[in-house]
Amino acid sequence: MNPFENLSLPIVAAPMFLISNPNLVVECCKNGIVGTFPALNQRSTESFEEWVIEIKTKLEEFEQETGKKAAPFGVNLIVHQSNPRLMADLQVVIKHKVPLVITSLGAVSDLVKAVHSYGGLVFHDVIKKRHAEKAAEAGVDGLILVCAGAGGHAGTLNPMPFVHEVRSFFDKTILLSGTISTGQDIAAALQMGADLAYMGTRFINTQEALAPDAYKEMISESGTSDIVYTAAVSGVQANFMAKSLEKAGVPKEKWESKAKIDFGKELDSEAKAWKTIWSAGQGVASINDTLPTSQLIEKLRTEFLTALKNQQALLTQYDT
């Protein structure tokens, strides 16, 4: 059975560092899209497990009370040698049979096999063809193509050729990430050959997200030219809002800095940095409100269906 066949929209709400939480995940799943969160949003494996249990419990209660099927939820694991919690967090994932695991910074076949052992799926995020090929060889079920303009650790490739390139050798699920903020954007992602849209920045501006109000206000006030692509914050190229870099006292000459990546020893200092230097994608240009997650999903659904109807009108016009 395809766990995504009953979604209300073809969306995975991306796991966002310091932003995603059980309330956001549950509201996404209750309203028919996949909700996810990073394991490292909790400071310990024990606390991470508490979140997993909370999400599972709330979704089970929702299904019992409504008779409706909730969308599956997912967890993001950093697969990198400097993440000391990986194996412990993976054991929690296996114990609770988390439906979807999103891996970053490394695709490991043993991890894929472990998740497959209980029927779970593994999606891996990539920014170039070589990474996609390695992940495909590791047996992942889906590839998240993180393209130019995405929030967080984004790539630089245009989505059109990247989707085409990956589809030439990968026949499983493709998710497209990068500047997707409206229902029309979701429809465009599917037109390009993706199976699902992967949306992060748009969900920062929800009432359930952990972002402070000033963060959400800055997103609403920002445009494409306000997004800076820099490795200065974490050692990996990522998109941040220029105003937050400036406000945090990071001068423009340091935006080209390339610090060494280390998600272990530097986790505390990096978390502090991400609390004051705010990540967002170029999709901010389409965001001017903050809504309850349920209302946002309904808005996206209306826009998505309108876009499909407009496409149908074009088919009528040109298919003669």
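Residues numbered from 1 in each chain as written. Predicted model: local features only at pLDDT ≥ 70, side-chain atom pairs only at ≥ 80, totals over all residues. Heavy atoms only, no water.

*Asks:* Looking at this structure, I do not really get the confidence of the model for the chain. What am I missing?
*Replies:* Caution applies to low-pLDDT regions: their predicted coordinates should not be interpreted in detail. Scored by pLDDT, the chain has a mean of 93; 95% of the residues are at 70 or more. Counted against residues more than four places away or in other chains, residues 260–268, with its pLDDT under 50, gives 19 contacts. (pLDDT = per-residue confidence, 0-100. Contact = heavy atoms within 4.5 Å.)

*Asks:* Whenever I open this one, the side chain of Arg85 confuses me. Can you help?
*Replies:* Examined against the element boundaries, Arg85 turns out to sit in the loop between strand S3 (73–78) and helix H3 (86–95). For Arg85, a relative accessible area of 13% corresponds to the buried category. The residues touching Arg85, leaving out its near neighbours within four places in the chain, are Ala39, Leu40, Gln42, Arg43, Ser44, Thr45 and Phe48. (Helix = DSSP H or I, 4+ residues; strand = E, 2+ residues; numbered from the N terminus. Buried < 20%, exposed > 50% of the residue type's maximum accessible area, 1.4 Å probe, protein only.)

*Asks:* Any chance you could explain the packing of helix H1 (residues 22–30) against helix H12 (residues 293–318) here in plain terms?
*Replies:* How two helices pack is summed up by the angle between their axes together with the distance between the axes. Running from N to C, H1 and H12 cross one another at 40°; their axes reach a closest spacing of 9 Å. One way to sum up the angle between H1 and H12 is to call them oblique. Pair H1 / H12 crosses with right-handed handedness. Within the contact between the two elements, H1 uses Leu24, Glu27 and Cys28 and H12 uses Thr293, Ser294 and Ile297. Per-class residue counts for the contact of H1 with H12 are three nonpolar, two polar and one charged. (Axes fitted to C-alpha atoms, helices over the stretch in contact; angles between N-to-C directions. Parallel < 35°, antiparallel > 145°, perpendicular 65-115°, else oblique. Left-handed = near helix turned anticlockwise from the far one by under 90°. Nonpolar A, V, L, I, M, F, W, Y, C, P; charged D, E, K, R; others polar.)

*Asks:* Would you mind showing me how to read the pattern of salt bridges here?
*Replies:* Close approach of charged atoms allows side chains of opposite charge to pair. Per the counting criterion, the structure on display carries nine salt bridges. Measuring nitrogen to oxygen at the nearest pair gives 4.0 Å for the salt bridge that ties Lys69 to Glu63. The class for Lys69 is exposed, based on a relative accessible area of 65%. Close ionic contact of Lys299 with Asp289 constitutes a salt bridge, the shortest N to O distance being 2.9 Å. With Lys299 in helix H12 and Asp289 in the loop between helix H11 (267–276) and H12, this residue pair connects regions lying 10 residues apart in the sequence. (Salt bridge = Lys/Arg side-chain N within 4 Å of Asp/Glu carboxyl O.)

*Asks:* Where do I start with helix H4 (residues 109–116) in this structure?
*Replies:* Because an α-helix packs 3.6 residues into every turn, residues spaced three or four apart end up facing the same way. Within H4, the full set of buried residues consists of Leu111, Val112, Ala114 and Val115. The arc that holds the buried residues of H4, viewed along the axis, is 160°, so those residues lie on one side. For H4, the exposed residues lying more than 90 degrees away from the buried face are Asp110 and Lys113. Residues of H4 that are buried make contact with S3, H3, strand S4 (100–104) and strand S5 (121–126). (Arc of directions from axis to C-beta.)

*Asks:* Help me out: how do you make sense of the nonpolar core in this one?
*Replies:* Generally speaking, a soluble globular protein has its nonpolar side chains buried in company with each other. Judged by nonpolar contacts, the single largest core of 91 residues is most densely connected at Leu145 and Phe203. The leading source of residues in this core is helix H2 (residues 45–66), at six residues. The residues touching Leu145, leaving out its near neighbours within four places in the chain, are Val126, Phe162, Val163, Val166, Ile174, Leu175, Leu176 and Ser177. Among the nonpolar cores identified, the runner-up in size contains 12 residues, and Val228, Ala238, Trp274 and Ile277 belong to it. (Core = buried A, V, L, I, M, F, W, Y, C linked by side-chain atoms within 4.5 Å.)

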